[in-house]
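Residue-level listing of the chains:
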Amino acid sequence: MGKSPVASGHVYYQGHEITNRSPHEVARLGIGRKFQNPNVYNELTVFENILLALKGTHGIFASITSKLTRAKKDKIAWVLERIGLLDKAFVKVSSLSHGQKQWVEIGMVIAQDPSIVLLDEPTAGMTSDETHLTGEIIKTMSQDHSVVVIEHDMDFVKQIAQRIIVLHQGEKLAEGSVAEVQNNSKVVEVYLGREKIDIAAA
Amino acid sequence: MTQVLDGVQRSTFPVKLFITAGIVFLIFFILPFLVGVFQTALISKLLLFGALAISLDLVWGFTGILSFAHGVFFTLGGYAMAYYLKLNLSSTNNNYGVELPDFMVWNGLEQLPWFIAPLKFFPVAVLAIVLVPAVFAYIIGWFIFRSKVSGVYITIITLAISSALTTLFISQQAYTGGTNGITDVAILTLLGIEITDINLYWVILIFTTLVLAGSLWLTRSNLGLILRSINENERRISYLGYDVASFKIFIWTLSAAIAGMAGGLFVPLNRFISPVYLAVAFGTQVVIWVAIGGRGTLFGPLIAALLLGQVQNYAERVTQDWQLIVGILLLVVVLFLPKGLMGLVPRINPNKLLMPSPNPSAGYVQARLFDWFTPLQGAFRTAQEWLIRGKRRH
Amino acid sequence: MLDFGLIQAHTLYLAQDATATAEASGGIDFYSFVNQLLNGIGIVGVLLLTGLGLAITFGVMRIINLAHGEFIMLGAYVTFLMQSAFQMDLLLTIPFAFLGTALVGAVTELTVIRRLYGRPLETLLATWGLSIVIQGVVKLIFSAQLKYVKSPPYISGNLLLMTRQDGTPLISISYYRLFIIAIALLMLGITLYLLYKTPLGRQVRAVAQNRDMAKCLGVNTSLIDLLTFAYGCGLAGIAGAVISSLKSVSPPMGQDYLVDAWMVVVTGGVDKLIGVLAGSFLIGESNAAIAYVLNDPVARVIVLAAVIVLIRYRPEGLFTVQKRA
């Protein structure tokens, strides 16, 4: 969906075909994405990063004339509180830790107010404490949004997942709750066979 | 919980900055009475070059697109104006007593080409000064920014464009006046009044001031934030729903229009335009002003254009190797002062004053302590502290 | 008031000589067109020579070197110097041109390029500054006056391929053009050999592909960088020596070749060195052909425009394998 061309098949979202659509069109349909490594603006402040992600200033002229309204400030503060970086609002992102940068990016996704959120290994490179906090952020997020997380870390998956889909070699292997998946014989076989598995949790 | 962000305002009214800016403007305004005719003309020219440098700063400093083609946009505007002035020479001043410009007569043209004829009319000429460079830039921009072409290749394309247009203008002598360009143009007349050099100077001063103020305003809006983000990582911002290409095309076209206007004002002053200004060498000059002044600072490129022009004026009386000095300067800046001369200014408060920033939290960020590396920084610091002292109380 | 010392005296060097012959033979006919294409071979040789060095510095090392034209100019000045000081034959000056420019290239790498790896736009700016400095220094030493270099007598004249019954030439190509293309192909061959058949070349390619990994494997990457860049500059020097007698030698001469060399490299693609040959052939011959039908400047503009369109759709060049994003 923008990063690499789709080789075959079609992707639909809410009745719109989004196969090979440009990233900004996909984003505007309400899909928020975050990739494995922190992908944030180091030269900008946390506040500015979140501001960029807010809905409503995507047009050129809107961006020139838009004002920083009370509502926007409240929204940004609300996002910052969720990711626990309210006190770092005016710090340049470059001075944050790796884990905090990941949170900034999760904050950006929240600020986008998407209807579905796709997170690719949001805890990559985090300490276990940070991972746990991230799990709590995602759980809160899932109250308002549909969240799809791609993750290998089973502890983390247990923390956040309501429904798990196990993928193997691009095929769906199993689906269900944490307990169901853990007891699935195919999953155990592949898992113990030490093959790479991707687990999508929703 | 939102108290924390209460300090965030787009900006408090920077009284002292306005007063300073007003004083600087007034000094420039009365400058023609203080310096001679020669200096007035020189400063007029340098102000235009400064506006040109600011236009490049918008695309390079903020958005990260390095262009050697800004001289081209400038010159296209210049040619539009030159045709207008050439076609409005009174018949007594015209070398052959005919309507046709002299260079067309020499090259055997018998009739004014249809695409040049409308430029005889002032409104058409004014439109052409803005639109010809803007439309040309729009086409190029649409062509290259909506593709996977990136950074360095875009710069090489701008080199090729500059090179190709120089060749084209030199070769189409009958239409462009060839290597000599369009010379001996009429004096600009508005509403029946001949615009004297000093009037022209004021027009140019106001133009450059507007360009600077407009650019500051633009880059401090959300647009500036988006442009800087494109510069840092354009893929990420497209995942936030921004159409990166259209932002690039917009700023690129706008910047070309500004460059074209500067070129249009340049001709009545310079009294001729030629492919010299199309060539890569002139495009390089513009790049050098921005590099030396400091990318993304807007003030820097303007100051650099003014200062370098003055230094050059005096240096050329003693040496013929001005270009060598410029080359060394460029090397030194790239290697040791990546932020240009403005990088020497201490960053007490990077979001205000001398470092224009689209930071909407401008009023919030507090001054931080820095180590002072050079005495020069100390000097700047004193000046700057005075400037912002009033503002910090808010 | 402003003196843009760099302004190109004549940017239209490419097909100049070529059309002269075509016009002399009068009108558009088959033979003169063939002549034109044969003359195009000479242009191909020049482009290949000038593009080759760039294919090394940009293609292998990803350095945006805008001072490439100045290294060509330096090579030409070395030839001029050796010729005026020792009455040396042009052919004999070639090694000196190579060594001289390679030396300057090495100094450049050590003082400028080295500080800027991984920052392409900065490198571009710095090398542009460098090109201005080199021009300025050469102007200081040799003055801006045009210098002339003698081509060796034994490669003057034309090779007659077909003659009319009265003995006047119908199809011919000058020995000098053949000489240029021969040197160009020779240098291409040597470079290919060095790059693909020697341990050193293997190290160069390793550094180009994965610098960190190469470092871990014990490759002295900074030495490789130095040698590669110097070699690329040396090639530019050879180009300068060979083409010095085509026209005059002057400080701004390199500028004429810079844009064209870049166009060659971009057209051919930098994935494979052989792309340079394809790129120069395509640009040189299409320039010659269009110039025959229209005229030189228009041909140049059309070719440049075509290359811009090409970059737009295939920034990786025509002759590269499409890679996955």
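As a further point, take the overall build of chain C. Scanning chain C for helices and strands turns up twelve helices and two strands. Going from N to C terminus, chain C has its helices and strands arranged as α-α-α-α-α-β-β-α-α-α-α-α-α-α. Expressed as a percentage of its 325 residues, the buried residues of chain C come to 58%. Considering only intrachain contacts with a sequence separation of at least 6, the fraction spanning at least 24 residues in chain C is 76%. Here chain C displays about 13,400 Å² of accessible surface, and carbon together with sulfur accounts for 67% of that area.

The final tally for this structure, using the stated rule, is 32 aromatic pairs over all chains. For the pair B:F145 and B:W252, a centre-to-centre distance of 5.7 Å together with 90° between the ring planes defines the contact as edge-to-face. On the criterion of sequence distance, the pair formed by B:F145 in helix α5 (residues 122-145) and B:W252 in helix α11 (residues 244-270) is long-range, its members being 107 residues apart. Residue classification places B:F145 among the buried positions, given a relative accessible area of 6%. Between the aromatic rings of B:Y153 and C:F58, the centroid separation amounts to 6.3 Å while the plane-to-plane angle is 75°, which identifies the pairing as edge-to-face. Of this pair, B:Y153 sits in helix α6 (residues 151-171) while C:F58 sits in helix α2 (residues 30-60), placing the two residues on different chains.

Where burial is concerned, most of helix α9 (residues 222-232) of chain B is hidden: eight out of the eleven residues are buried. Within α9(B), the full set of buried residues consists of B:N222, B:L223, B:G224, B:L225, B:I226, B:L227, B:S229 and B:I230. Of the surrounding secondary structure, the elements contacted by the buried residues of α9(B) are α2 (46-53) and α3 (60-65) of chain A together with α2 (37-62), α8 (197-220), α10 (234-238) and α11 of chain B.

Contact residues are listed per partner, giving 53 residues for chain B and 50 residues for chain C. Taken together, the two surfaces of chain B and chain C that pack against each other cover about 4,700 Å², and 77% of this comes from carbon and sulfur. Summed over the shared surface of chain B and chain C, the number is one salt bridge. Put simply, C:E122 and B:R295 hold a salt bridge, and the shortest N to O gap is 3.0 Å. Where chain B touches chain C, the interface holds four residue pairs in polar contact (both at pLDDT 80 or more). The set of elements that each furnish at least two residues to the side of chain B that touches chain C consists of α2, α5, α6, α12 (280-293), α13 (299-318) and α14 (322-336) of chain B. Here the side of chain B that touches chain C gets 13 residues from one element, more than from any other, and that element is α6(B).

Right, let's talk about the environment of A:I165 for a bit. The residue A:I165 is located in strand β6 (residues 164-168) in this model. In this structure the C-alpha to C-alpha distance between A:I165 and A:S177, which are twelve residues apart in sequence, comes to 8.8 Å.

Turning next to the nonpolar core. Membership of the largest hydrophobic core comes to 251 residues, with the highest contact counts inside it found for A:L52, B:W60, B:W289, C:L49 and C:W262. If one sorts the elements of this core by residue count, α2(B) sits on top with 15 residues. Not counting residues within four places of it along the chain, the set of residues in contact with B:W60 comprises B:I65, B:L66, B:N231, B:V287, B:V290, B:A291, B:R295, C:L121 and C:L125. One finds A:A161, A:V166, A:A174 and A:V187 within the second-largest nonpolar core, a separate group that totals ten residues.

Let us look at the pattern of salt bridges. Think of it this way: side chains of opposite charge can pair up when their charged atoms draw near. In this structure the tally under the stated criterion is 14 salt bridges over all chains. The salt bridge partner of B:R236 is A:E105, with a shortest N-O separation of 2.8 Å. Remark: A:E105 occurs in helix α5 (residues 98-112) and B:R236 occurs in helix α10; the pair is interchain, linking two chains. In this structure, B:R146 engages B:D243 in a salt bridge whose closest nitrogen and oxygen atoms are separated by 3.5 Å. Of the two residues, B:R146 is situated in the loop between α5 and α6 and B:D243 in the loop between α10 and α11; the sequence distance between them amounts to 97 residues. For B:R146, a relative accessible area of 39% translates into the label partly exposed. Taken together, the shared-partner salt bridges in this structure form one network comprising A:K34, A:E105 and B:R236.

Taking 1.5 Å as the rise per residue, α14(B) with 15 residues should run 21 Å; its terminal C-alpha atoms sit 21 Å apart, in good agreement. Within α14(B) the residues assigned to the buried category are B:W322, B:Q323, B:L324, B:V326, B:G327, B:L330, B:L331, B:V333, B:V334 and B:L335. Of the surrounding elements, those touching the buried residues of α14(B) are α12 and α13 of chain B together with α4 (90-111) and α5 (120-142) of chain C.

Turning to unusual backbone geometry, a few remarks are in order. Positive phi outside glycine occurs at A:D113, with the angle close to 55°. If you trace the backbone, A:D113 turns up in the loop between α5 and β4 (116-120). Here A:D113 falls in the partly exposed class, since its relative accessible area comes to 35%. At B:R271, a residue that is not glycine, the phi angle is positive and equals roughly 70°.

In this section: the pairing of β6(A). Residue and element names in this part refer to chain A. Alternating residues of β6 divide into I164, V166 and H168, all buried, and I165 and L167, none buried. Where β6 meets strand β7 (residues 171-176), five bridges bridge the pair, whose relative direction is antiparallel. Across the sheet, the residue bridging to H168 is E171, located in β7. From the end of β6 to the start of β7, which pair antiparallel, there are two residues, and Q169 there has a positive phi angle of about 50°.

A word on a nonpolar patch on the surface. All names here are of chain B. A cluster of nonpolar side chains, namely L127, L131, V135, Y138, I139 and W142, defines an oily patch on the protein surface of about 610 Å² accessible area. The topology assignment puts Y138 in helix α5. Here Y138 falls in the partly exposed class, since its relative accessible area comes to 44%.

The subject of this paragraph is the side chain of C:S250. Topologically, C:S250 is positioned in the loop between α9 (221-243) and α10 (253-268). Among all residues touching C:S250, those that are not within four sequence positions of it are C:M73, C:Y77 and C:L146.

Now for the packing of helix α7 (residues 199-209) of chain C against α9(C). All names here are of chain C. Taken N-terminus to C-terminus, the directions of α7 and α9 make an angle of 105°; their axes are 10 Å apart at the nearest point. In terms of orientation, α7 and α9 fall into the roughly perpendicular class. Contacts between α7 and α9 pair L200, Q203, V204 and V207 from the former with T221, I224, D225, L227 and T228 from the latter. Taken together, the residues of the contact of α7 with α9 sort by class into five nonpolar, three polar and one charged.

As a further point, take the packing of helix α11 (residues 274-293) of chain C against helix α12 (residues 296-313) of chain C. All names here are of chain C. In the contact formed by α11 and α12, the axes pass within 8 Å of each other and the chain directions differ by 140°. Relative to α12, the element α11 lies oblique. α11 and α12 meet at a crossing whose hand is right-handed. Judged by residue contacts, I283, S286, N287, I290 and A291 of α11 engage D296, A299, R300, I302, V303 and V307 from α12. Its residues assigned to classes, the contact of α11 with α12 comprises seven nonpolar, two polar and two charged.

Our next topic: the side chain of B:S44. Residues and elements named next belong to chain B. Here S44 lies in helix α2. Assessed through its relative accessible area of 1%, S44 is described here as buried. At a separation of 2.7 Å, a polar atom in the side chain of S44 contacts the main-chain carbonyl oxygen of T40. Residues contacting S44, with those up to four places away along its chain left out, are Y201, I204 and L269.

This paragraph deals with the confidence of the model for chain A. This prediction gives chain A a mean pLDDT of 79; 91% of its residues lie at or above 70. The spread of mean pLDDT over the elements of chain A runs between strand β8 (residues 198-201) of chain A, the lowest at 54, and α2(A), the highest at 87.

All names here are of chain A. By the alternation rule, side chains of strand β3 (residues 31-34) split into I31 and R33 and G32 and K34, which are all buried. As paired strands, β3 and β4 are joined by four bridges and run parallel to one another. For K34, the partnering residue across the bridge sits in β4 and is L119.

What counts, and at which threshold
Residues numbered from 1 in each chain as written. Chains lettered and ligands numbered in written order. Predicted model: local features only at pLDDT ≥ 70, side-chain atom pairs only at ≥ 80, totals over all residues. Heavy atoms only, no water. Helix = DSSP H or I, 4+ residues; strand = E, 2+ residues; numbered from the N terminus. Buried < 20%, exposed > 50% of the residue type's maximum accessible area, 1.4 Å probe, protein only. Contact = heavy atoms within 4.5 Å. Areas by Shrake-Rupley, 256 points an atom, 1.4 Å probe, with all protein chains shown as cover. Phe/Tyr/Trp six-rings, centres within 6.5 Å; stacked < 30°, edge-to-face > 60°. Buried area = accessible area lost by both parts, 1.4 Å probe. Salt bridge = Lys/Arg side-chain N within 4 Å of Asp/Glu carboxyl O. Polar contact = N/O pair within 3.5 Å; in protein donor to acceptor, adjacent residues only side chain to side chain. Core = buried A, V, L, I, M, F, W, Y, C linked by side-chain atoms within 4.5 Å. Expected span 1.5 Å × (residues − 1). Pairing = 2+ DSSP bridges. Patch = residues over 30% accessible without salt bridge, like charges linked within 9 Å, V, L, I, M, F, W, Y side chains within 5 Å. Axes fitted to C-alpha atoms, helices over the stretch in contact; angles between N-to-C directions. Parallel < 35°, antiparallel > 145°, perpendicular 65-115°, else oblique. Nonpolar A, V, L, I, M, F, W, Y, C, P; charged D, E, K, R; others polar. Left-handed = near helix turned anticlockwise from the far one by under 90°. pLDDT = per-residue confidence, 0-100.

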